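Topology and contacts: notes
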Amino acid sequence: MKILLVGASGTLGQAVARHLGQQHQIITASRNSGSLRVDLTDDSSVAELFAQSGPLDAVISTAGKLHFGPLQSMTAAQFNSGLQDKLLGQVRLALAAQHHLPAGGSITLTSGIVSAQPIRDGANATAVNQALEGFVRAAALELLPRGLRINVVSPNVLVESMEAYGPYFPGFEAVTAQRAALAFQRAVEGIQSGETLTVW
């Protein structure tokens, strides 16, 4: 398969690229590195991404930034940053991807464990991740008649990211990026659609 991987420069993205790259052709894309450049917050940038990528069999996103901070001092602008980046950015990618995939193609997005298990300072993360999972459930029903699938992978905090994010996840059992990458393989090569594939 020819797979477009957006967010390929991140910890999770690198693991997905290594794992799926053993059997598939991976086109890497991110804001500042990779074979192609893309800003998921910009419609024209996403359109240009697909213009450059050529025919595809699958699209994966491991991209998206969130706002972490106490609710007491959170502003609407800070909350909106996560909506515009991780939520709308991935939705924008999926909306465009559906027009560039053949029957049998798939789209895989990324949420996270806090959609189901909120953490301190994580109101934005929980809202964004739940919204992504809701979008995928609904979108799958409309994509099905066209022979397209869409899923979302929800990993726990990664072992490789514990130094940066560990304080936000007390008592959580971190998973390796390699283990999380297996869920992306299931999403791309499997038959399910509209599902949240948890890696907890």
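You'll find the structure just up there.
To keep things clear, this report deals only with the structure shown in the data block. From a predicted model like this one, the values you see are computed outputs, not experimental measurements.

**Overview of the overall build of the chain**
Scanning the chain for helices and strands turns up six helices and seven strands. Shown N-terminal to C-terminal, the secondary structure of the chain runs as helices and strands in the order β-α-β-β-α-β-α-β-α-β-α-α-β. For the chain, the spread of C-alpha atoms along the three principal axes comes to 45 × 35 × 30 Å. Counting contacts in the chain only where the partners sit at least 6 residues apart, residues at least 24 apart contribute 67% of the total. If you sum the accessible surface of the chain, you get close to 9,200 Å²; carbon and sulfur atoms cover 53% of it. Charged side chains in the chain number 13 positive and 14 negative. The centres of these two groups are separated by 2 Å.

**Re the environment of Ala-77**
You can see Ala-77 is positioned in helix α3 (residues 76-97). Considered as a pair, Ala-77 and His-67 are 10 residues apart in the sequence and their alpha carbons are 9.9 Å apart.

**Some words on the packing of α3 against helix α4 (residues 123-143)**
In contact at an axis separation of 9 Å, α3 and α4 are set at 20° when each is read in the N-to-C sense. It follows from the interaxial angle that α3 and α4 lie roughly parallel. At the point where α3 passes α4, the crossing takes the right-handed sense. From α3, Phe-79, Gly-82, Leu-83, Lys-86, Leu-87, Gln-90, Val-91, Ala-94 and Leu-95 reach across to α4, where they touch Ala-123, Asn-124, Ala-127, Val-128, Asn-129, Ala-131, Leu-132 and Phe-135.

**Overview of the sheet that holds strand β5 (residues 106-110)**
Spatially, the seven strands line up as an open sheet ordered β3-β2-β1-β4-β5-β6-β7, and their pairing is parallel. Looking along the sheet, the strands with just one partner apiece sit at the ends: β3 (36-37) and β7 (196-199). Here strand β1 (residues 2-6) pairs with strand β4 (residues 58-61) via four bridges, running parallel. Of the residues in β4, the one forming a bridge with Ile-3 is Ala-58. Sheet strands touched by α3: β1, β4, β5 and β6 (149-155). Its angle to β5, the strand with the most contacts, is close to 175°. Sheet strands touched by α4: β5, β6 and β7. Its angle to β6, the strand with the most contacts, is close to 160°.

**Focus on the pairing of β6**
Remark: a regular strand shows side chains that alternate across the two faces of the sheet. For β6, the tally of buried residues reaches seven of seven residues, placing the bulk of the element in the interior. On β6, burial covers both faces: Arg-149, Asn-151, Val-153 and Pro-155 on one face and Ile-150, Val-152 and Ser-154 on the other are all buried. Sheet topology places β5 next to β6; five bridges connect them, and they run parallel. By the bridge assignment, Ile-107 is partnered in β6 with Ile-150. Handedness of the crossover joining β5 and β6 through α4: right-handed. Relative to β7, β6 runs parallel, the two being bridged by four bridges. Residue pairing in the sheet places Ser-154 in a bridge with Thr-198 of β7.

**What about the packing of helix α2 (residues 43-53) against α3?**
The axes of two packed helices give the description: the angle between them and the distance between them. At a closest axis distance of 10 Å, the pairing of α2 and α3 adopts a crossing angle of 45°. Between α2 and α3, the angle falls in the class oblique. α3 is crossed by α2, and the crossing has right-handed handedness. Residue-level contacts link Asp-43, Val-46, Leu-49 and Phe-50 of α2 to Arg-92, Leu-93, Ala-96 and Ala-97 of α3.

**Remarks on the nonpolar core**
Formed by 31 residues in total, the largest nonpolar core has its most connected members in Leu-4, Val-6, Phe-50 and Ile-150. With residues near it in sequence (within four places) discarded, Leu-4 still touches Ile-27, Ala-29, Leu-49, Phe-50, Leu-56, Ala-58, Val-59 and Ile-60. Counting 22 residues, the second largest nonpolar core, distinct from the first, contains Val-16, Leu-158, Val-175 and Ala-183.

Rules behind the numbers
- Residues numbered from 1 in each chain as written.
- Predicted model: local features only at pLDDT ≥ 70, side-chain atom pairs only at ≥ 80, totals over all residues.
- Heavy atoms only, no water.
- Helix = DSSP H or I, 4+ residues; strand = E, 2+ residues; numbered from the N terminus.
- Contact = heavy atoms within 4.5 Å.
- Areas by Shrake-Rupley, 256 points an atom, 1.4 Å probe, with all protein chains shown as cover.
- Lys, Arg positive; Asp, Glu negative; His and termini not counted.
- Charge placed at Lys NZ, Arg CZ, Asp CG, Glu CD.
- Axes fitted to C-alpha atoms, helices over the stretch in contact; angles between N-to-C directions.
- Parallel < 35°, antiparallel > 145°, perpendicular 65-115°, else oblique.
- Left-handed = near helix turned anticlockwise from the far one by under 90°.
- Pairing = 2+ DSSP bridges.
- Buried < 20%, exposed > 50% of the residue type's maximum accessible area, 1.4 Å probe, protein only.
- Right-handed = clockwise from strand over helix to strand, strands pointing away.
- Core = buried A, V, L, I, M, F, W, Y, C linked by side-chain atoms within 4.5 Å.

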